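# Fold and contact review
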Number of protein chains: 2
Amino acid sequence: MTGIHYIEGNATVSDALRSIDPRTGREAGEPVPVTTPAELAAIADRARAAAAPYAALPLATRAAGLRAIAEALGDHADQVIATADAETALGTARLTGELARTRVQLELFADAVEAGAFLEIIIDRADPLAKPAPRPDLRRMLVPVGPVAVYAASNFPLAFSVPGGDTASALAAGCPVIVKAHEAHPRTSELCARIVTDALAAAGAPDGTFAVVHGFEAGKELITHPAVKAAGFTGSLNGGRALHALASSRPEPIPFFGELGSINPVFATPGAIAERGPALAEAFIGSATLGSGQFCTKPGVLFLPAGHGLADDLATAAAKAESHPLLHQRIRDAYLVGAAALAALPGVTTLAEPGDVGPGEGFGVRPGLFQVDAAAFLANAEALLTECFGPVAVVVDVDPADVPAILDLLPGSLTGTVHLADAEATGTFVQGLLTALAAKVGRVVVNGWPTGVAVTAAMQHGGPWPAATSSQYTSVGETALRRFLRPVAYQDTPAELLPELLRDDVAVTVPRRVSQAFGA
Amino acid sequence: MTGIHYIEGNATVSDALRSIDPRTGREAGEPVPVTTPAELAAIADRARAAAAPYAALPLATRAAGLRAIAEALGDHADQVIATADAETALGTARLTGELARTRVQLELFADAVEAGAFLEIIIDRADPLAKPAPRPDLRRMLVPVGPVAVYAASNFPLAFSVPGGDTASALAAGCPVIVKAHEAHPRTSELCARIVTDALAAAGAPDGTFAVVHGFEAGKELITHPAVKAAGFTGSLNGGRALHALASSRPEPIPFFGELGSINPVFATPGAIAERGPALAEAFIGSATLGSGQFCTKPGVLFLPAGHGLADDLATAAAKAESHPLLHQRIRDAYLVGAAALAALPGVTTLAEPGDVGPGEGFGVRPGLFQVDAAAFLANAEALLTECFGPVAVVVDVDPADVPAILDLLPGSLTGTVHLADAEATGTFVQGLLTALAAKVGRVVVNGWPTGVAVTAAMQHGGPWPAATSSQYTSVGETALRRFLRPVAYQDTPAELLPELLRDDVAVTVPRRVSQAFGA
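Residues numbered from 1 in each chain as written. Chains lettered and ligands numbered in written order. Predicted model: local features only at pLDDT ≥ 70, side-chain atom pairs only at ≥ 80, totals over all residues. Heavy atoms only, no water.

## Examining the sheet that holds strand S20 (residues 485-491) of chain A
Pairing between the strands of a sheet is mediated by backbone hydrogen bonds and can be parallel or antiparallel. The 11 strands lie next to each other as S21(A)-S4(A)-S5(A)-S20(A)-S19(B)-S18(B)-S11(B)-S12(B)-S17(B)-S16(B)-S13(B), forming an open sheet whose pairing is mixed. A single partner strand is all that each edge strand has here, and the edge strands are strand S21 (512-514) of chain A together with strand S13 (349-352) of chain B. Put simply, the sheet's adjacent strands are angled 20° from each other on average, direction ignored. One ladder, built from 3 bridges, connects S20 of chain A with strand S19 (residues 441-446) of chain B; its direction is parallel. Bridge pairing in S19 of chain B places alanine 489 of chain A opposite arginine 443 of chain B. (Pairing = 2+ DSSP bridges. Helix = DSSP H or I, 4+ residues; strand = E, 2+ residues; numbered from the N terminus. Axes fitted to C-alpha atoms, helices over the stretch in contact; angles between N-to-C directions.)

Pasting the structure below:
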């Protein structure tokens, strides 16, 4: 956190966040005040008051609000991209793509809201003949859980931040949202907050449906506030674990959906290496250094068949890799420490030496690449399989006989990737590899790269711990809204008292499953 | 816990659980040894080993295993019911019904497994024209999370115990199960364990798919064992909170699905009282004292319009209510303490005096019923809204003007019930009442009683805290298996390497959602 105390005269006026230009390491732009406890309480109260009226809006209005946000982000694209670039140094091209993805994400959820399948409506009509007992009329649908806290990430200042996927999916589910902005891009967060708030208000959402808070203390108060009923988080293992513990130990525990760290292993088969080894080496480095290696899905470890002969290709690609400054000083510092720790492990050869690019260059770094054999890898697997954020990766030379032991040691990951030649797909080795990877990850990728997460209905962005706190959910893709919903069943309820979509006489606009009578 | 140290000669041989006959308070039957740490470790290892082969069985085989358990329970019905009755005093009629429900539950999940909708398959084909980027082929399905720990309840020795809903839904999801048996019915648990284990083995499930452990320490070791990947629990708030904390603070946290305590409020309108007041009073007492008030869905508080004139009807019904002994001594003791605490609150009138039925009658008690006005209720709402397990309930006399404040104070519950006259269903008071209740509960019941939980697709048995640790799930009904599943997406994966049900060329036997191409 970059909070600074401002003293005017004799009074402490307030804490404020300064955005730092990663290209220079210097403060830039106006400070953004941190949220005081009184402000946070007022924001939480407004969210609580907004919960019922926002949930009660017609689905079409809820969808229109999401589309209005997407449109408003487009209207302010130049300003949003320029502000985000000044705070993140991610570059205009990347941020233009990220803004497009953020808008597509909002529109995807708007489509899902209108389609209504996410309500998971099930109608079981009364059945006096049911066994073992007569059955009442039961009608189930999902309803919003209430106000959601969203903890924004530093590495996607738009798509996983104020107007990002957690916000979009919680709003789509019918929940008010309070975003804890990331300290690394406060001005982008404030700008997006105004855009989202104004768009929702214009679309008819009640006051209090959306707000942004700033500062570390506000983030802690938010997760323990009684008005908050669930939380989404994208960030570090330590931060996620701490917030998860707070969420679980409240007087009223709430679900916490954290996407934490991931090593994203990649395996390449002998067939793939024989067919396209040098191209694979280059593409691996491209994926591992994309966005300066600051993706949750960065492939952090590559298992190659021993004798692959690609060390020079890998080293050359790493030396040539474009790198822009890291997002903020803590990431830069952690990168340098983590990469040095990898280099110092027994049996580790340096193919590309990581490091600071030196004074005057902000948070710029050089990519790091290490090579290790299977025996040395197995001796220090935990250290070599711990995510190091930034442009660094480890290449492991393995024999097929080593692979089962390696698979056993792999921690949960967002993704697991296999590169193979077509003819190998029917072989038992590759089939066993896919099966083992699927048991450890949320997404299996074949002959591709894990970076670049498609925003679709079938996407799964999550996985067994530590990839996520709950492997049963995704934070990207249409089903992400399931995190913020809970079922309610109505038993023998007269039509006048049922939610409209559960009535018999309604023109059915959403999919409903009407069960067979068991006893009939 | 009823563990007793046996000393033979100089050696502590082992802990063992004795079942106690609630009708006499005396030990009965052979002792059941507690599970040692070494035994628990071996059981967990076998479950870990069974996870992949059990998950890989064809869905038809998995369903056949569930049906085989149901059939075997039927084959051993007399022995199961007699053993359970000796340990619980619930009576043959109730246990015959519970066994039928347990079998129906297993068959419901078998049907669900065969139907395959629970796999939630979504197929998004590749789309090179998708915006903002070309889209890969993505195919998602749900897969089992791995071995599941089930913590059995005392109050349903079959339906929420060894062969109960958590076991059935976890097996249906494709997960091995280790049940921590409840100490109050160890012999029933052992008998059912043999029946379930043998039936699964005969149906082709691998060794290790199912096991039962006994003892408090084994229960603690189970929740923290690395092989265990999720847990289901039905029981007390304190026990559930402690296990939830252990599950959340493991090195690898796991999801914990606890169904804890519930007050299950009931509201009756002036119209309902005018139409059928005395019958309502009698039916309320019937529901509140059913099974000696030992249901999770027992209606613990009844809000009646002031001036209802039903105090005598309620008192008479409570005095006449049949009561059998409580399940075990701790429940009896907690009932007596809890009921006395309610009686001692300011403004509380006793309509039926709770108490012990006296020596020689085991854990038998007399039902308790209390009356309080709205002002006294609001002054001590937390105490009056805390679940007291056993045949006790509170009647609150309220004016319509009191209802909003009462609704605000209601904790999360499994159920919320409204009794009304038909003509009132269109009124704003009743509509507001239903809306407010739906925000607090998992199941809204109209003109019925919450006890008796139908086992169907639309059932919701769960609710906001403290009814459940996670309001997003149910522990009864077809969707209960969603607790033990997680999504995996396959990206650009050749058919040979896809799970069969995700392939294009397979004869589709399960529902699949094939998405539109966004960019098309």
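## A short note on the pattern of salt bridges
Inspection of every chain in the model, using the stated rule, returns 36 salt bridges over all chains. Close ionic contact of arginine 332 of chain B with aspartate 356 of chain B constitutes a salt bridge, the shortest N to O distance being 3.4 Å. Of this pair, arginine 332 of chain B sits in helix H11 (residues 329-343) while aspartate 356 of chain B is found in strand S14 (residues 355-356), placing the two residues 24 residues apart along the sequence. With a relative accessible area of 31%, aspartate 356 of chain B lands in the partly exposed category. What you see here is one network of salt bridges that share partners, running through Arg125, Asp137, Arg139 and Asp504 of chain A. (Salt bridge = Lys/Arg side-chain N within 4 Å of Asp/Glu carboxyl O. Buried < 20%, exposed > 50% of the residue type's maximum accessible area, 1.4 Å probe, protein only.)

## Considering the nonpolar core
Nonpolar side chains in soluble globular proteins generally cluster together in the buried interior. By size, the foremost hydrophobic cluster in this structure holds 217 residues, and its most contacted members are Phe377 of chain A together with Phe267 and Phe377 of chain B. Filtering out sequence-adjacent residues up to four positions away, phenylalanine 377 of chain B remains in contact with Val301, Phe303, Val372, Leu384, Leu385, Val396 and Ile406 of chain B. (Core = buried A, V, L, I, M, F, W, Y, C linked by side-chain atoms within 4.5 Å. Contact = heavy atoms within 4.5 Å.)

## Comments concerning helix H2 (residues 59-75) of chain A
Residue and element names in this part refer to chain A. With 17 residues, H2 extends 24 Å from end C-alpha to end C-alpha; this agrees with the ideal 24 Å at 1.5 Å per step. Among the residues of H2, Leu59, Arg62, Ala63, Gly65, Leu66, Ile69, Ala70, Ala72 and Leu73 are the ones counted as buried. Buried positions along H2 lie against helix H1 (37-56), helix H3 (77-88), helix H4 (92-115), strand S5 (138-144), helix H5 (165-173) and helix H6 (186-202). (Expected span 1.5 Å × (residues − 1).)

## A look at the relation of the copies chain A and chain B
Of the two same-sequence chains, chain A is brought onto chain B (RMSD 0.0 Å, axial shift 0.0 Å) by a rotation of 180°. Each copy turns onto its partner about a two-fold axis. In terms of C-alpha distance to the rotation axis, chain A has serine 248 of chain A as its closest residue, with the C-alpha 3.6 Å off the axis. In this assembly the copies share their binding face: 100% of the residues contributing to the interface of chain A also contribute to that of chain B. (Least-squares fit on C-alpha atoms with pLDDT ≥ 70 in both.)

## Quick notes on the interface of chain A and chain B
Across the contact, 71 residues belong to chain A and 72 residues belong to chain B. A buried area of about 5600 Å², summed over both sides, lies between chain A and chain B, and 58% of it is on carbon and sulfur atoms. Counting the surface chain A buries against chain B, the share from its top three residues, Gln472, Arg486 and Leu497 of chain A, is 13%. Summed over the shared surface of chain A and chain B, the result is 37 residue pairs in polar contact (both at pLDDT 80 or more). Those elements giving two or more residues to the side of chain A that touches chain B turn out to be H4, strand S4 (121-124), S5, helix H8 (237-249), helix H15 (428-438), strand S19 (441-446) and S20 of chain A. Among the elements that take part in the side of chain A that touches chain B, S20 of chain A stands out by supplying 7 residues, more than any other. Residues that form the side of chain A that touches chain B fall into these classes: 39 nonpolar, 13 polar and 19 charged. (Buried area = accessible area lost by both parts, 1.4 Å probe. Polar contact = N/O pair within 3.5 Å; in protein donor to acceptor, adjacent residues only side chain to side chain. Nonpolar A, V, L, I, M, F, W, Y, C, P; charged D, E, K, R; others polar.)

The values are spatial; any link to function lies outside them.
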